[in-house]
Amino acid sequence: MLRIIGFIIITGLFVASSVWLADSGGNIDINWLGHSFKTSMPMFAAIIICFYMALQIVLLFPLKLIKKIGALPEKVSKAKQQKEIKTEEIEASKKIAKDEGYKDGYNKAI
């Protein structure tokens, strides 16, 4: 419930800021090291958002990938343990079936 309310609030703020930028967008003039950059406010906001997304892709994607690669040995180990447990359970059920007199250690009812 709280996630839905939070999503609605964030979406509302995004829509309101987009409408405000479209209605009252101004111009931005940046002078830096002798270079002059002139753009409109909506274009500047779009550039900032694109820069932020690119930064997320360049920095966070490799970190998540490294984290997943680091977790692989643990996952492989767990899979091997589960396979060993499954094999032991199968062998135990075969032994029980053999002790009960079923041919080849398999239960005919299964």
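This text follows the structure it describes.
Remember, it's a predicted structure, so these values are computed and weren't measured experimentally. (Residues numbered from 1 in each chain as written. Predicted model: local features only at pLDDT ≥ 70, side-chain atom pairs only at ≥ 80, totals over all residues. Heavy atoms only, no water.)

## Quick look at the pattern of salt bridges
And step 1. Taken as a whole, this structure holds one salt bridge when the rule is applied.
And step 2. With its nearest N and O atoms 3.6 Å apart, the salt bridge here joins E74 to K78. Of the two residues, E74 and K78 are both situated in helix α2 (residues 41-99); the distance of four residues between them amounts to about one turn of the helix. (Salt bridge = Lys/Arg side-chain N within 4 Å of Asp/Glu carboxyl O. Helix = DSSP H or I, 4+ residues; strand = E, 2+ residues; numbered from the N terminus.)

## Brief notes about a positive patch on the surface
And step 1. Together, K64, K67, K68 and K75 give the surface a local cluster of positive charge.
And step 2. Assignment of secondary structure puts K75 in helix α2.
And step 3. The exposure class assigned to K75 is exposed, which follows from its relative accessible area of 57%. (Patch = residues over 30% accessible without salt bridge, like charges linked within 9 Å, V, L, I, M, F, W, Y side chains within 5 Å. Areas by Shrake-Rupley, 256 points an atom, 1.4 Å probe, with all protein chains shown as cover. Lys, Arg positive; Asp, Glu negative; His and termini not counted. Charge placed at Lys NZ, Arg CZ, Asp CG, Glu CD. Buried < 20%, exposed > 50% of the residue type's maximum accessible area, 1.4 Å probe, protein only.)

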